[in-house]
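Spelled out, the chains give:
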Amino acid sequence: MGIINSNFETMDKYLMEKYYIPDYQREYSWDQEQLDDFWIDLNQIVDKEMDQHFFGQVVIHSNNGGKEKYIIDGQQRTITSIIFLALIRNMLRSLKKADGSEYQDAEDDASDIQVKYIGRISETKDRRQLILSKMDRDFFKNYIQSQNLNKRMDSFDSKIPSNKRIKVAYEFLERKMEDKVAKANDVTEKYNIISDYKDCFINKFKVMHVETDDINEAFVIFETLNDRGKSLETADLLKNHIFRSAGNNLDSVKNEWLEIVENLEDIDVTKYIRYYWNSRFGFARKKDLYKLLRAKITNSNEAKNICDDLYSLSSCYVSLVKPNEGDYFSKEIKEILKNISTLNATSFYPIVLSIVSREISDTDTLKILKAIEILVLRNFVVSGLVANKYEMKFSEIARNIFAEKITPNEAVKKIAELIIDDDEFKNNFSTFTVKNSPVIRYLLKNINNYQYTGEMIVNSDNAKVNIEHILPKKFEKWGLDSEEAEPYVWRLGNLTLLSGRYNRRISNDTFDKKKKIYKSSEIKMTRDLTKIDNWNYSEIDKRQKEMSVIAVKIWNISKVNKQ
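Everything numeric here is computed off the predicted structure, so don't read it as measured data.

*Asks:* Before we move on, could you go through the overall build of the protein and cite the residues and values that matter?
*Replies:* A count of helical and extended segments in the protein gives 26 helices and 10 strands. Along the first, second and third principal axes, the C-alpha atoms of the protein reach 85 × 65 × 45 Å. Across the 563 residues in the protein, those meeting the buried criterion constitute 53%. Partitioning the intrachain contacts of the protein with sequence separation of at least 6 by distance along the chain shows that 74% fall at a separation of at least 24. Accessible surface for the protein amounts to roughly 26600 Å². Of this, 44% is attributable to carbon and sulfur atoms. Charge centroids of the protein, computed over 88 positive and 88 negative side chains, lie 5 Å from each other.

See below:
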């Protein structure tokens, strides 16, 4: 068998069938850009600038002898179509004559829309024409497809992103249509405007409708046709290649994929797959990922294995991306992951995925992660080296860990070889400028806590510890030349930590006044500033050079090797 239907259809004909959106398909994803395009296209028809509009293609898998039709491609356009028609239905039903009675033509048209395109829905009947995937199904039924006009968006309380996008789409189109009917002089003119938009959409928007009873062929067509709506993510292409290759394992693979997406929630699936690939098979750029995966997965077992892997590591990956959430890792590992996350590093993810796959001990994992933290701080944050250049090296280390070609200690040595030496790091640290608040707190807390062992350990709650510019950002009271002073404001040597209640009081005062507050600080680094008579550029340079000596001791790979 194969393609059983292929032709151009108006939306009127296309939408009169009943369709399902499989649970493994992505949820509703249209945003402002796609909605703007839809509205512009529709107005070109209404304004008679064009005779018809090609709305793209839809690919349908006809299953169970044609009794169930699944949308493989085109679900975004189909969902938006029903959103628009539900809005038209609601607007027609809201029309009343001058005496408050029903406008019968409008009521008849609204009923036609409900029966033909949306489906009969009541307390005893549920004959929806479009059944969405699990994440959006109930929300779409209750707020879009339902005829109960009292249950509208003002009672919206869903936290699911795709539910919110459905709400945004409805309200966007509602505003646009209300602007159009607002110009009408009476109810008849309003009815004519609404009817014109409805008729133009259902009769002059057309889709290329391709229907096949072979799921594999549906996926092939999906991959080769251009998507009219939001551009396909690499993850969508990868998913469909895996499904096409799954064979007898298709049901299992589909269920696992859905669980992967649910585990990741709002995390980019394509990035996850790429980091996974780099941990197993070698470095791949995003643009090459699909081609490489297609070449790798050629049978059902390979499709099942890679899906198993992606599922088993998905919780680990979530904890990498969001180290403040969950308890996947031990407390010690979680703390280092938080630090590296603060430093905005992600290219090391493949190494962690390989570590988890090989069940490396927490002790060895801590060593590897500490080495990564040192590399990220020295090379990327302080020295400004481009992190992307290290992706290939991280991928190579990850792949060798997974293949068990190197031990954890050898992995630490491989990472150490990439770290800049002490002299270069100290020199760069003594002059660098940093404006990222979490990074500033990370640096100053570590320096204070290392330098003053036994003193108050700086509170980890960022809400209680603020960054204090000794030479303030607004330095008018200091009588300095702005061109000379500006470069020093964000130098690390000009920054310290202070509790919030103090910081607000002294933010722009002169140094003499600030010292009175510094004297009461629980943070030794800040109290020590009271020993300085005058705060000037040379003091900033001096203080930062002293910090650089301490930094070499804190972020030192030799400490890791001795552990």
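Still more ground to cover, so stick around.
*Asks:* Give a description of helix 14 (residues 331-342) that names residues and reports values.
*Replies:* The terminal C-alpha atoms of helix 14, which comprises 12 residues, lie 16 Å apart, in line with the 16 Å expected from a rise of 1.5 Å per residue. Where helix 14 is buried, its residues touch helix 13 (300-321) and helix 16 (362-382). Phi turns positive, to about 65°, at N344, one or two residues after helix 14.

*Asks:* Lay out the pairing of strand 10 (residues 495-499) in plain terms, naming residues and giving numbers.
*Replies:* Of all the 5 residues making up strand 10, 5 are buried; the element is thus mostly covered by neighbouring parts of the structure. Residues L495, L497 and S499 of strand 10 are buried on one face, and the alternating residues T496 and L498, pointing to the opposite face, are buried as well. As paired strands, strand 9 (residues 465-469) and strand 10 are joined by 5 bridges and run antiparallel to one another. When the bridges of strand 10 are listed, V465 appears paired with S499.

*Asks:* I'd like a description of the environment of E211, backed by residues and values.
*Replies:* Among the secondary structure elements, E211 is positioned in strand 8 (residues 205-212). Taking the C-alpha atoms as reference points, E211 and I355, 144 residues apart in sequence, are found 45 Å from one another. At 3.3 Å, the side chain of E211 forms a polar contact with the side chain of S62. At a separation of 2.6 Å, a polar atom in the side chain of E211 contacts the side chain of K69.

*Asks:* Tell me what's going on with the nonpolar core, and back it up with residues and numbers.
*Replies:* If you look at the biggest cluster of nonpolar residues, it comprises 123 residues, and the most contacted ones within it are F348, F429, L492 and W555. With 10 residues, the top contributor of residues to this core is helix 16. Setting aside chain neighbours within four positions, we find F429 in contact with V382, L443, I447, L492, Q544, M547, S548 and A551. Formed by 58 residues, the second largest nonpolar core is a distinct cluster that contains M11, I71, M91 and Y191.

*Asks:* Any chance you could break down the packing of aromatic side chains for me, citing the residues and the numbers?
*Replies:* Enumeration according to the criterion identifies 29 aromatic pairs in this entry. Each ring, one from F8 and one from F54, has its centre 5.8 Å from the other, and the planes form 65°; the classification is edge-to-face. You can see F8 sitting in strand 1 (residues 3-10) and its partner F54 sitting in strand 3 (residues 53-63), a full 46 residues away along the chain. Ring geometry for F425 against F429: centres 5.7 Å apart, planes inclined by 70°, an arrangement best described as edge-to-face.

*Asks:* Run through helix 16, naming residues and quoting values.
*Replies:* Note on helix geometry: an α-helix contains 3.6 residues per turn, so any two residues three or four positions apart are oriented the same way. An ideal rise of 1.5 Å per residue puts 30 Å on 21 residues; helix 16 measures up with 28 Å between its terminal C-alpha atoms. In the structure, helix 16 departs most strongly from a straight axis at V376, where the bend amounts to approximately 30°. Judged by how many residues are buried, helix 16 sits mostly within the fold: 15 of 21 residues are covered.

*Asks:* Got a sec to walk through the side chain of K69? Specific residues and values, please.
*Replies:* Tracing the sequence through the fold places K69 in strand 4 (residues 68-73). Residues within four places of K69 in sequence aside, it is in contact with E17, K18, Y19, Y20, I60, H61, S62 and E211.

*Asks:* Summarise unusual backbone geometry; cite the residues concerned and give the values.
*Replies:* The backbone of K48 sits at a positive phi, close to 65°, despite the residue not being glycine. Within the secondary structure, K48 sits in the loop between helix 2 (32-46) and strand 3. You will see that E265, though not glycine, has its phi angle at about 55°, which is positive. Turning to its location among the elements, E265 is positioned in the loop between helix 10 (250-264) and helix 11 (269-280).

*Asks:* Any chance you could break down the packing of helix 11 against helix 15 (residues 349-357) for me, citing the residues and the numbers?
*Replies:* At a closest axis distance of 8 Å, the pairing of helix 11 and helix 15 adopts a crossing angle of 65°. Judged by the inter-axis angle, helix 11 sits roughly perpendicular to helix 15. Our pair here, helix 11 against helix 15, has a crossing hand that is right-handed. In contact with Y275, Y276, N278, S279 and R280 of helix 11, helix 15 contributes Y349, P350, L353, S354 and S357. For the contact of helix 11 with helix 15, the residue count by class is 5 nonpolar, 4 polar and 1 charged.

*Asks:* How would you summarise the packing of helix 2 against helix 6 (residues 161-181) if you had to cite specific residues and measurements?
*Replies:* Where helix 2 meets helix 6, the closest approach of the two axes is 10 Å, and the angle between their N-to-C directions is 35°. You can see that helix 2 and helix 6 cross each other, and the crossing is right-handed. Residue-level inspection shows Q32, L35, D36, F38, W39 and N43 of helix 2 in contact with helix 6, the latter providing A169, F172, L173, K176, M177 and K180. Looking at the contact of helix 2 with helix 6 residue by residue, the class counts come to 7 nonpolar, 2 polar and 3 charged.

*Asks:* Explain the environment of D236 residue by residue, including any values.
*Replies:* Within the secondary structure, D236 sits in helix 9 (residues 234-246). Judged by relative accessible area, D236 falls into the buried class, the value being 9%. Separated by 211 residues in sequence, D236 and Q25 place their C-alpha atoms 8.4 Å apart.

*Asks:* Account for the pattern of salt bridges, with residues named and values stated.
*Replies:* Counted by the stated rule, this structure contains 24 salt bridges. Its salt-bridge partner being D309, residue R280 comes within 3.6 Å of it at the nearest N-O pair. Of this pair, R280 sits in helix 11 while D309 sits in helix 13, and the two are 29 residues apart along the sequence. For R280, a relative accessible area of 8% corresponds to the buried category. Residues participating in the shared-partner salt-bridge network are D126, R128 and K141.

*Asks:* Describe the environment of D12, naming the residues involved and giving the relevant values.
*Replies:* Topologically, D12 is positioned in helix 1 (residues 11-14). Considered as a pair, D12 and N263 are 251 residues apart in the sequence and their alpha carbons are 38 Å apart. Engagement of the side chain of D12 in a polar contact is seen with the side chain of K116, the distance being 3.5 Å.

Conventions we followed
- Residues numbered from 1 in each chain as written.
- Predicted model: local features only at pLDDT ≥ 70, side-chain atom pairs only at ≥ 80, totals over all residues.
- Heavy atoms only, no water.
- Helix = DSSP H or I, 4+ residues; strand = E, 2+ residues; numbered from the N terminus.
- Buried < 20%, exposed > 50% of the residue type's maximum accessible area, 1.4 Å probe, protein only.
- Contact = heavy atoms within 4.5 Å.
- Areas by Shrake-Rupley, 256 points an atom, 1.4 Å probe, with all protein chains shown as cover.
- Lys, Arg positive; Asp, Glu negative; His and termini not counted.
- Charge placed at Lys NZ, Arg CZ, Asp CG, Glu CD.
- Expected span 1.5 Å × (residues − 1).
- Pairing = 2+ DSSP bridges.
- Polar contact = N/O pair within 3.5 Å; in protein donor to acceptor, adjacent residues only side chain to side chain.
- Core = buried A, V, L, I, M, F, W, Y, C linked by side-chain atoms within 4.5 Å.
- Phe/Tyr/Trp six-rings, centres within 6.5 Å; stacked < 30°, edge-to-face > 60°.
- Bend = angle between axes of the 7 residues up to and from the residue.
- Axes fitted to C-alpha atoms, helices over the stretch in contact; angles between N-to-C directions.
- Parallel < 35°, antiparallel > 145°, perpendicular 65-115°, else oblique.
- Left-handed = near helix turned anticlockwise from the far one by under 90°.
- Nonpolar A, V, L, I, M, F, W, Y, C, P; charged D, E, K, R; others polar.
- Salt bridge = Lys/Arg side-chain N within 4 Å of Asp/Glu carboxyl O.

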